[in-house]
Structures are given as structure tokens and as C-alpha cells.
Amino acid sequence: AVVVVGSCMTDLVSLTSRLPKTGETIHGHKFFIGFGGKGANQCVQAARLGAKTSMVCKVGKDSFGNDYIENLKQNGISTEFTYQTQDAATGTASIIVDDEGQNIIVIVAGANLFLNTEDLRKAASVISRAKVMICQLEITPATSLEALTMARSNGVRTLFNPAPAAADLDPQFYALSDVFCCNESEAEILTGLTVGSAAEAGQAASVLLERGCPVAIITLGAGGCVVLSQKEPVPKHIPTERVKAVDTTGAGDSFVGALAFYLAYYPDMPLEEMLRRANCIAAVSVQAAGTQSSYPHKKDLPLTLF
Ligand code: ADP
């Protein structure tokens, strides 16, 4: 099974012809609500591939929270340890996208920041029985660190996605990550290096490895990904499918969720093969609009991926 200790966010998206200026009110031409948050996105992708999944997270005791729990359930995700709090509203991302695809985004993490170590202790049974735990940085870092520590002490493989990245990431995150997976811009923030090409990603990955994680993966959008591990100390570039991208929002979360699925259910598969397959799945996700709405289900994918 895969357990995610992470975020849920309700996306409130307005489409406009241009972005408003300070103090200005403009009319948009479309509004929709989406389900997002890196933790839940990754969990949904793993679940759609057939993983047994649990979402350890916190939403508000409000209609967005109720709807989010319903969304998790509809994806077959266990919500036994999805908590609801009165202390804050469900996390939201208010997003304005103009006709050029430019956006401005305000995230209010809200209830996500109230997930605490006491909540994790209540979820100890599901955490200790998982094969893989995924964590990100949209919840309180101390909670993520405690989750990774609990996983480690129970022999659960840890997949850490340092997103959104901060230059002053607590060094314990490297030591507690069996697999450390980030995108180009996160790798740049963490290492201070420029990461444009596969070769540069290889160099950034070696900096991440020196900090204590045994495996570092850097995703490169249409460029696929680069992996470096203590076992195979030469960086490997794994290209992805050439596809027509419609909306790449959430591609990284699709990739991380798919990787967690393979780590949990095909533990003997070579890592490069897992990454080739995670690339294929994330490449499907960029060919449709939306975040979770673009993530493929097992039944829509070639059997060769399973
Ligand atoms: P993020 O969404 O975090 O910015 P990336 O843009 O690096 O992450 O994308 C993650 C993965 O999604 C890539 O490693 C790749 O497998 C896939 N992907 C992203 N963009 C494309 C694209 N234009 N064509 C094909 N695959 C893509």
C-alpha cells in the first residue's frame, strides 16, 4: 500500500482575458473548482494505477472539506485518517489564468498546517503497514519530518518530493528520504546550480546525493528525468514520450504518484524501468486539461505498463 502524508487544496480557478491590475475589478469568462494539493494529487495518481492508498491529511470542517473527502473516496482512497478541523478552512489555491496562459496564484494552506504529530500517531497503524510513504512540503515541515521518521523506523520506503522548495531545507529531509524527487526549479533552489539540461541535472543530483539521500531524481518536463543513485553513481537520463502538451499542471505529481505505485507494487523492477513508466504516465497527464482530471486510470493505459 501507499500512504501519503500531505496536502489537500481546493483550486478556485477564474479564466480571464488578462490579469487584473491592483484595485481593478474585471470580468472573467469562466470559473471552475478543481481538486489539487500536491499530496492528494500524488495519492490520486497512485490510486488510479491500482495502488491501495491512504491519505493522511487535514481539511476544514466546511463544504470544501466535505467535497474533498468525497473526491478522495471516489478515487478509492482510504480517508480513515483524513481529519477535519474547526481551526482553519480547507486549503485553497485561488488562481487567475489569462488567455496567454499567464497566471497569478494565492495559496492559503489553512487546515493543511494543522496536521500535527498527534494526528500521525493516531495513524500509526496505516503508516507502519504501508510499503511506501510519500511526503511533500505543503504541510508543516515538522509534521513531514515526523512522518518520514515513523516510516523509516517501520521499514516503509520513503519518497520525498521537496515541493514547494525552500533553499533552507532541513538537512534531515535528505537523510530520511530513500528516494528524493524534485523538478528543475526545485533542484535549482536547493542546490544553487542552474538546471536546464540533463547534464546539469546530473550535477545537481550529485549535490543532492552528497547531502545523504541514496537516490535523487530530477524531472525535466518534456525532457523526461535524470536519476543518480549511490548504487549507480553515473547519472542516467530517461527521456519521455513526445506528445502534444495541452496542460502540464500537476505533471510532476502524476510522475511522483506513479513512481510510488511502482516502488510499492514492483519492488524488484529496475529503477530505470520504473522511471520510464512514470514518464509515460505523466506524459498522458499533460495531454488533457486540469490536474487530477487529467490523470490516467489503469484501464486507459497499455498493459505493458503493468
Ligand atoms: P512539474 O509538474 O513538477 O513542473 P515536470 O514539468 O518536470 O514537473 O514534469 C514531470 C514529468 O511529467 C516529466 O518528467 C515528464 O515525464 C512529464 N512531462 C511533463 N511535461 C511533459 C511534456 N511536455 N511532454 C511529455 N511529458 C511531459
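Given the structure is predicted, the values throughout are model-derived calculations rather than measurements.

**Focus: the packing of aromatic side chains**
Going through the model one piece at a time under the given rule, you end up with nine aromatic pairs. Taken together, a centroid distance of 5.1 Å and an interplanar angle of 70° make the contact between Phe261 and Tyr262 edge-to-face. The two residues Phe261 and Tyr262 agree in class, both being buried. Taken together through their ring pairs, the aromatic side chains of Phe261, Tyr262, Tyr265, Tyr266 and Phe306 make up a single cluster.

**With respect to the pairing of strand β8 (residues 132–135)**
Residues Val132 and Ile134 point to one face of β8 and Met133 and Cys135 to the other, with burial holding for every one of them. Here strand β1 (residues 2–5) pairs with β8 via four bridges, running parallel. Opposite Val5, over in β8, you have Cys135 as the bridge partner. The pairing of β8 with strand β9 (residues 157–160) spans four bridges and is classified as parallel. By the bridge assignment, Ile134 is partnered in β9 with Leu159. Handedness of the β-α-β unit built from β8, helix α5 (residues 141–153) and β9 comes out right-handed.

**A few points about helix α1 (residues 38–48)**
Most of α1 sits out of view: ten of its eleven residues are buried. Those residues of α1 that sit buried are Gly39, Ala40, Asn41, Gln42, Cys43, Val44, Gln45, Ala46, Ala47 and Arg48. Trailing α1 by a residue or two, Gly50 shows a phi angle of about 115°, which is positive.

**Here's the deal with the UniProt feature "binding site: ATP" (unreviewed entry) in the chain**
Under the feature "binding site: ATP" (unreviewed entry), the UniProt entry names Asn183, Thr219, Leu220, Gly221, Ala222, Gly223, Gly224, Thr240, Gly252, Asp253 and Asn279. Topologically, Gly252 is positioned in helix α9 (residues 251–265). Residue placement: Asn279 occurs in helix α10 (residues 271–285). For Asn279, the residues in contact, after removing those within four places along its chain, are Gly224, Cys225, Ile238, Pro239, Thr240 and Phe255.

**Describing the site of the ligand**
If you check the shell around the ligand, you find 17 residues, and the closest are Thr219, Gly221, Gly224, Gly252 and Asn279. In this structure, an oxygen atom belonging to the ligand sits 2.8 Å away from a side-chain N or O atom of Thr219. Contact between the ligand and Gly221: an oxygen atom at 2.8 Å from a main-chain N or O atom of the residue. In isolation the ligand offers 560 Å² of accessible surface; the protein chains occlude 83% of this area. At the level of secondary structure, the elements contributing two or more residues to the shell around the ligand comprise α9 and α10. The class makeup of the residues in the shell around the ligand is nine nonpolar, seven polar and one charged.

**Points about the nonpolar core**
Among the nonpolar cores identified, the biggest contains 47 residues, and Cys8, Met55, Leu159, Ile217, Phe255, Leu259 and Leu275 are the most heavily contacted of them. No other element matches the nine residues that α9 contributes to this core. Among the nonpolar cores identified, the runner-up in size contains 42 residues, and Ala123, Cys135, Leu169 and Val226 belong to it.

Parameters and conventions
Residues numbered from 1 in each chain as written. Predicted model: local features only at pLDDT ≥ 70, side-chain atom pairs only at ≥ 80, totals over all residues. Heavy atoms only, no water. Phe/Tyr/Trp six-rings, centres within 6.5 Å; stacked < 30°, edge-to-face > 60°. Buried < 20%, exposed > 50% of the residue type's maximum accessible area, 1.4 Å probe, protein only. Helix = DSSP H or I, 4+ residues; strand = E, 2+ residues; numbered from the N terminus. Pairing = 2+ DSSP bridges. Right-handed = clockwise from strand over helix to strand, strands pointing away. UniProt positions renumbered as here; feature names shortened; annotations may be inferred. Contact = heavy atoms within 4.5 Å. Near = heavy atom within 4 Å. Polar contact = N/O pair within 3.5 Å; in protein donor to acceptor, adjacent residues only side chain to side chain. Areas by Shrake-Rupley, 256 points an atom, 1.4 Å probe, with all protein chains shown as cover. Nonpolar A, V, L, I, M, F, W, Y, C, P; charged D, E, K, R; others polar. Core = buried A, V, L, I, M, F, W, Y, C linked by side-chain atoms within 4.5 Å.

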